[in-house]
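Below, each chain spelled out in residue letters.
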Amino acid sequence: MKKCSTTEETYTVIEKKGQSINIERESDMQENINFIVAIVTSLITMCTLIYNTFFKGGFKREKQYYNKILIPFIEALKAGNENALQEIKDQINHTDECVPKYVIHLINTSQIQTDNTITDKKLLKVFIYDYLDIYPNDDNRMDQLPCIILKIFTYFKFFSSIFVPYGR
């Protein structure tokens, strides 16, 4: 068995009694492997890009919100501070990116209204719910995993629909 090489292709040649027979082009298999590797690499790159672009910043903001707002608030409540809600409301800056928009909306609503007890109760419930929801434990991490996978697939479908032409 000999390998004959030309400038364009490589063939496997079998010599039988002075005759040479071209069997298969070896570069076909290499091209298929390169194609599969390229697709897998692009999928991994796309998933990494989606995670870094959309999820990493959200997780960072959520962690800042938890550490900066929720933990001091809950600790003040546990210590029996009756003005804990007012202190946290004063501490929150409207330009903070880590504070969710619904919290800022509730704070603005309570500042506008003259009787803000209902809004303060809602804000208290929101802070307690957010604290329990974001609290770092194994149950919350396992609950977040399907949501993360669903979001990745949603973004993947979105990007693939942009780049893949529709059939007729």
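Refer to the preceding data block for the structure.
A. Region of the structure containing the pattern of salt bridges. On inspection of all chains with the given rule, the structure shows one salt bridge. Notably, a salt bridge pairs Lys 89 with Asp 120, separated by 2.8 Å at the nearest N-O pair. Highlighted residues: Lys 89 in helix H2 (residues 84–91) and Asp 120 in helix H4 (residues 117–134), separated in sequence by 31 residues. The buried category is assigned to Asp 120, whose relative accessible area is 17%.

B. Structural view of the packing of aromatic side chains. Evaluated as defined, the whole model comprises two aromatic pairs. Taking 5.0 Å as the distance between ring centres and 55 degrees as the angle between the ring planes, the aromatic pair formed by Phe 73 and Phe 127 counts as tilted. Placement of Phe 73 in helix H1 (residues 26–78) and of Phe 127 in helix H4 is noted, with a sequence separation of 54 residues between them. Note on Phe 127: relative accessible area 0%, which makes it buried.

C. Inspection of the packing of H2 against H4 at higher detail. Here H2 crosses H4 at 80 degrees, and the two axes come no closer than 11 Å. The pairing of H2 with H4 is recorded here as roughly perpendicular in orientation. On H4, the residues that touch Leu 85, Ile 88 and Lys 89 of H2 are Asp 120, Leu 123, Leu 124 and Phe 127. A class-by-class count of the residues in the contact of H2 with H4 yields five nonpolar, no polar and two charged.

D. The arrangement of the side chain of Lys 89 in detail. Overall, Lys 89 belongs to the buried group, its relative accessible area being 7%. In terms of polar contacts, Lys 89 uses its side chain to reach the side chain of Ser 110, at 3.2 Å. Setting aside residues no more than four positions away along its own chain, Lys 89 makes contact with Ile 107, Ser 110, Asn 116, Asp 120 and Leu 123.

What counts and how
- Residues numbered from 1 in each chain as written.
- Predicted model: local features only at pLDDT ≥ 70, side-chain atom pairs only at ≥ 80, totals over all residues.
- Heavy atoms only, no water.
- Salt bridge = Lys/Arg side-chain N within 4 Å of Asp/Glu carboxyl O.
- Helix = DSSP H or I, 4+ residues; strand = E, 2+ residues; numbered from the N terminus.
- Buried < 20%, exposed > 50% of the residue type's maximum accessible area, 1.4 Å probe, protein only.
- Phe/Tyr/Trp six-rings, centres within 6.5 Å; stacked < 30°, edge-to-face > 60°.
- Axes fitted to C-alpha atoms, helices over the stretch in contact; angles between N-to-C directions.
- Parallel < 35°, antiparallel > 145°, perpendicular 65-115°, else oblique.
- Contact = heavy atoms within 4.5 Å.
- Nonpolar A, V, L, I, M, F, W, Y, C, P; charged D, E, K, R; others polar.
- Polar contact = N/O pair within 3.5 Å; in protein donor to acceptor, adjacent residues only side chain to side chain.

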